[in-house]
Amino acid sequence: MIVTISTPAMAQSPQEQDLLDRLKKADREGAQVLAEDLRLIWARSGSPMVDLLLRRAEKAMAAGDLDVALEHLTAVTDHAPDFAEGHMLRATTLYQLDLYGPAMEELEQAIALNPNHFGALFGAGIIAYETGQTEAAMTFFDAVEAIHPNFEQLSRLQQELDKEAGALDL
């Protein structure tokens, strides 16, 4: 796997850029609110049909019906290939089905479309970590931290990776 992470010169909108700027400086509680605001922005496809498919997929995921969720999310990514959140949720479903390779491909697409998507970066880091690609995982987690320093679970995973890296240096 080749890991390339780039940060765009500008966010997709002034509102998103403002939220991203504030996210970097926020305390833990404020960061949670800002992150949720970003997720709401990222969940807007601009298409009522795609939004409907996305809601159906989310309901299927919540009900544990991953095959149905995957069908809806495949339709989302087919109809809106430039919608990062569709790729992100499809990756989540594929990951839950233990299909790590296809999940990573979807995460890479989500990251290419939205390099600030800390959820996609974190997901890619998790898959890299679980498949023994420690350096790639660290790169993804560092990218998450640069965007969202208070991302839950991040510090614990970074500590685990640092321990593993230290053990390898012995």
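Structure: above.
Everything numeric here is computed off the predicted structure, so don't read it as measured data.

*Asks:* Explanation requested: the overall build of the protein chain in the structure shown.
*Replies:* The secondary structure content of the protein chain amounts to nine helices and zero strands. Relative to a compact globule of 170 residues, whose C-alpha radius of gyration would be 15 Å, the protein chain shows 16 Å and is just as compact. Its C-alpha atoms give the protein chain principal-axis dimensions of about 55 × 35 × 30 Å. The contacts of the protein chain with a sequence gap of at least 6 include a subset with a gap of at least 24, amounting to 56%. Carbon and sulfur atoms provide 52% of the accessible area of the protein chain, an area that totals close to 9400 Å². In the protein chain, 12 positive and 28 negative side-chain charges are present, and the distance between their average locations comes to 7 Å.

*Asks:* I tried to follow the packing of aromatic side chains on my own but got confused; where do I start?
*Replies:* Throughout the structure, instances matching the rule amount to five aromatic pairs. Here the aromatic rings of tyrosine 95 and tyrosine 100 are separated by 5.1 Å at their centres, their planes lie at 10°, and the arrangement is stacked. The exposure class assigned to tyrosine 95 is partly exposed, which follows from its relative accessible area of 26%. By relative accessible area, tyrosine 100 is classed as partly exposed at 24%. By the ring-pair criterion, three or more aromatic residues cluster together here, those being Trp42, Phe118, Phe122, Phe141 and Phe151.

*Asks:* Explain the nonpolar core to me, please; I cannot follow it from the model alone.
*Replies:* Looking at soluble globular proteins, one finds that nonpolar side chains tend to be buried together. The biggest cluster of nonpolar side chains holds 39 residues, and the ones touching the most others in it are Phe118, Phe122 and Phe141. Residue assignment for this core shows that the elements contributing at least two residues are α1 (14–25), α2 (28–42), α5 (84–96), α6 (100–113), α7 (118–130), α8 (134–147) and α9 (154–169). When near neighbours in sequence (up to four residues on either side) are disregarded, phenylalanine 141 contacts Phe122, Gly125, Ile126, Leu154, Leu157, Gln158 and Leu161.

*Asks:* So what exactly am I meant to see when it comes to the packing of α5 against α6 here?
*Replies:* Pairs of packed helices are described in terms of their axes, by the angle between the two and the distance that separates them. Interhelical geometry of α5 versus α6 gives an angle of 160° and a closest axis separation of 8 Å. Relative to α6, the element α5 lies roughly antiparallel. In this structure, the crossing between α5 and α6 has a hand that is left-handed. Of the residues in α6, those in contact with Ala84, His87, Met88, Arg90, Ala91, Leu94 and Tyr95 of α5 are Tyr100, Pro102, Ala103, Glu106, Leu107, Gln109, Ala110 and Leu113. By residue class, the composition of the contact of α5 with α6 is eleven nonpolar, two polar and two charged.

*Asks:* I would appreciate a short explanation of the side chain of histidine 87 in the present structure.
*Replies:* Here histidine 87 lies in helix α5. Overall, histidine 87 belongs to the buried group, its relative accessible area being 8%. Ignoring anything within four residues of it in the chain, the contact list for histidine 87 reads Thr77, Pro81, Glu106, Gln109, Ala110 and Leu113.

*Asks:* Which parts of the structure should I look at to understand the pattern of salt bridges?
*Replies:* Once the charged atoms of two side chains with opposite charge are near each other, the side chains can pair. Inspection of every chain in the model, using the stated rule, returns three salt bridges. A salt bridge links aspartate 18 to arginine 22, with the nearest nitrogen and oxygen atoms 3.2 Å apart. Here aspartate 18 pairs with arginine 22, and both are found in helix α1, just four residues apart, close to one helical turn. With a relative accessible area of 38%, aspartate 18 lands in the partly exposed category.

*Asks:* I'm lost on the packing of α6 against α7 in this one. Help?
*Replies:* Packing of α6 against α7 leaves a shortest axis separation of 9 Å and a crossing angle of 150°. Relative to α7, the element α6 is oriented roughly antiparallel. Both α6 and α7 take part in a crossing whose hand is left-handed. Where α6 abuts α7, its residues Tyr100, Ala103, Met104, Leu107, Ala110 and Ile111 lie against Ala120, Leu121, Gly123, Ala124, Ile127, Ala128 and Glu130. Of the residues that constitute the contact of α6 with α7, the class distribution is eleven nonpolar, one polar and one charged.

Rules used in this analysis
Residues numbered from 1 in each chain as written. Predicted model: local features only at pLDDT ≥ 70, side-chain atom pairs only at ≥ 80, totals over all residues. Heavy atoms only, no water. Helix = DSSP H or I, 4+ residues; strand = E, 2+ residues; numbered from the N terminus. Rg over C-alpha atoms; globule rule 2.2 N^0.38 Å. Contact = heavy atoms within 4.5 Å. Areas by Shrake-Rupley, 256 points an atom, 1.4 Å probe, with all protein chains shown as cover. Lys, Arg positive; Asp, Glu negative; His and termini not counted. Charge placed at Lys NZ, Arg CZ, Asp CG, Glu CD. Phe/Tyr/Trp six-rings, centres within 6.5 Å; stacked < 30°, edge-to-face > 60°. Buried < 20%, exposed > 50% of the residue type's maximum accessible area, 1.4 Å probe, protein only. Core = buried A, V, L, I, M, F, W, Y, C linked by side-chain atoms within 4.5 Å. Axes fitted to C-alpha atoms, helices over the stretch in contact; angles between N-to-C directions. Parallel < 35°, antiparallel > 145°, perpendicular 65-115°, else oblique. Left-handed = near helix turned anticlockwise from the far one by under 90°. Nonpolar A, V, L, I, M, F, W, Y, C, P; charged D, E, K, R; others polar. Salt bridge = Lys/Arg side-chain N within 4 Å of Asp/Glu carboxyl O.

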